[in-house]
Amino acid sequence: MKSNETNKTETFKLKLSEERNLSLKIALTAITAALYIALGYIFQPISFLGLQFRVAELIMGMCLIFPLEGLVGNVIGVFFVNLTSPLGPIDLIGCLVNIPALYCIIVFRNKKWLKYLGGIFYALIISIYVAIVLYAVLALPLWLMFVQVLISEVILASFGIFLFDIIRQKIIY
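Quick caveat, the model's predicted, so the values are computed rather than measured.

(A) Expanded view of the side chain of Glu57. Locating Glu57 in the fold gives a position in the loop between α1 (2-42) and α2 (62-65). Here Glu57 occupies a buried position and makes no salt bridge, while the nearest side chain of opposite charge, Arg54, is found at 5.0 Å. There is a polar contact of 2.6 Å between the side chain of Glu57 and the side chain of Tyr122. If we skip the residues at most four places from it in the chain, Glu57 touches Tyr36, Tyr122, Ile126, Glu153 and Leu156.

(B) Just helix α5 (residues 115-138), in detail. An ideal rise of 1.5 Å per residue puts 34 Å on 24 residues; α5 measures up with 34 Å between its terminal C-alpha atoms. Directly beyond the C-terminal end of α5, a positive phi value near 55° is found at Ala139.

(C) The arrangement of empty space enclosed by the protein in detail. Considering all chains together, one arrives at 1 cavity of 30 Å³ or more under this definition. In this model, the largest cavity occupies a volume close to 170 Å³. What lines the largest cavity is a set of 20 residues, among which Gln52, Arg54, Asn82, Asp91 and Val130 lie closest to the centre. At the level of elements, α3 (67-82), α4 (94-108) and α5 are the ones that each hand at least two residues to the lining of the largest cavity.

(D) How the structure looks around the environment of Val78. If you trace the backbone, Val78 turns up in helix α3. Distance from Val78 to Ala56, taken between C-alpha atoms, is 8.8 Å for residues 22 residues apart in sequence. The residues contacting Val78, other than those within four sequence positions of it, are Tyr36, Arg54, Gly94, Cys95 and Asn98.

(E) Examining the packing of aromatic side chains more closely. Across all of its chains, the model carries 5 aromatic pairs by this definition. Residues Trp143 and Phe146 carry aromatic rings whose centres are separated by 5.8 Å and whose planes lie at 85° to one another, so their mutual orientation is edge-to-face. Here Trp143 and its partner Phe146 are both found in helix α6 (residues 142-172), 3 residues apart, which amounts to about one turn of the helix. Since its relative accessible area comes to 65%, Trp143 is described here as exposed.

(F) The arrangement of α6 in detail. Over its 31 residues, α6 extends 43 Å from the first C-alpha to the last, a length consistent with the 45 Å expected when each residue adds 1.5 Å. Every buried residue of α6 is accounted for by Met145, Phe146, Val149, Ser152, Glu153, Leu156, Ala157, Gly160, Ile161, Phe164, Asp165 and Arg168. Close packing links the buried residues of α6 with α2 and α5.

(G) Focus on the nonpolar core. Core analysis: the largest hydrophobic core is formed by 34 residues, its most contacted members being Met60, Leu102, Ile105 and Tyr122. Elements supplying a minimum of two residues to this core: α2, α3, α4, α5 and α6. Contact partners of Leu102, with chain neighbours within four places excluded, come to Met60, Cys63, Leu71, Asn74, Val75 and Tyr122.

(H) How the structure looks around the environment of Phe164. Position of Phe164 relative to the elements: it lies in helix α6. Here Phe164 falls in the buried class, since its relative accessible area comes to 8%. Through-space distance from the C-alpha of Phe164 to that of Ile59 is 8.4 Å; in sequence the pair is 105 residues apart. Ignoring any residue separated from it by four or fewer positions in sequence, one finds Phe164 in contact with Leu58, Ile59, Gly61, Met62, Leu64 and Ile65.

Scoring rules and cut-offs
Residues numbered from 1 in each chain as written. Predicted model: local features only at pLDDT ≥ 70, side-chain atom pairs only at ≥ 80, totals over all residues. Heavy atoms only, no water. Helix = DSSP H or I, 4+ residues; strand = E, 2+ residues; numbered from the N terminus. Buried < 20%, exposed > 50% of the residue type's maximum accessible area, 1.4 Å probe, protein only. Lys, Arg positive; Asp, Glu negative; His and termini not counted. Salt bridge = Lys/Arg side-chain N within 4 Å of Asp/Glu carboxyl O. Polar contact = N/O pair within 3.5 Å; in protein donor to acceptor, adjacent residues only side chain to side chain. Contact = heavy atoms within 4.5 Å. Expected span 1.5 Å × (residues − 1). 1 Å grid on protein atoms, 1.4 Å probe; cavity = no way out; pocket = protein on both sides within 12 Å on 5 of 7 lines; lining within 4 Å. Points joined across faces, edges and corners; volume = space filled by probe spheres on them. Phe/Tyr/Trp six-rings, centres within 6.5 Å; stacked < 30°, edge-to-face > 60°. Core = buried A, V, L, I, M, F, W, Y, C linked by side-chain atoms within 4.5 Å.

Quick look at the structure:
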């Protein structure tokens, strides 16, 4: 009889632990999305079009610490920030483009200096998308838009990775 009680207690503890884990994952996803949205709205005047410097992109570094939660939170954040895009609904596709871009960061996140290569791939993917949309909607020069957006994306991706790598080191050690 005692082993049956022990099994029930162990099962209850395991279930409680799984529920806490799920709650923590949801909270981290929500925090990531909220940070992206807040920075996106605060810096909205410089977050769109050709000379954009979307400060919210720093939050993509969250993928270094919490890969899945960072990815999902960033995608949600991009969706809500892009709702205010001057380009209209076409810019909502940007949240889907962020999935492979963020995955590049996740793949390289534990690879010393190669994590910055993941950031460069991220910047390339985002810059290609933004340049194509700006060309399609506003007939802005494709290559010029690509280069302008790429410069800001590389700066933001590199700094975001640097910032969240420091945070990760403080959490782990």
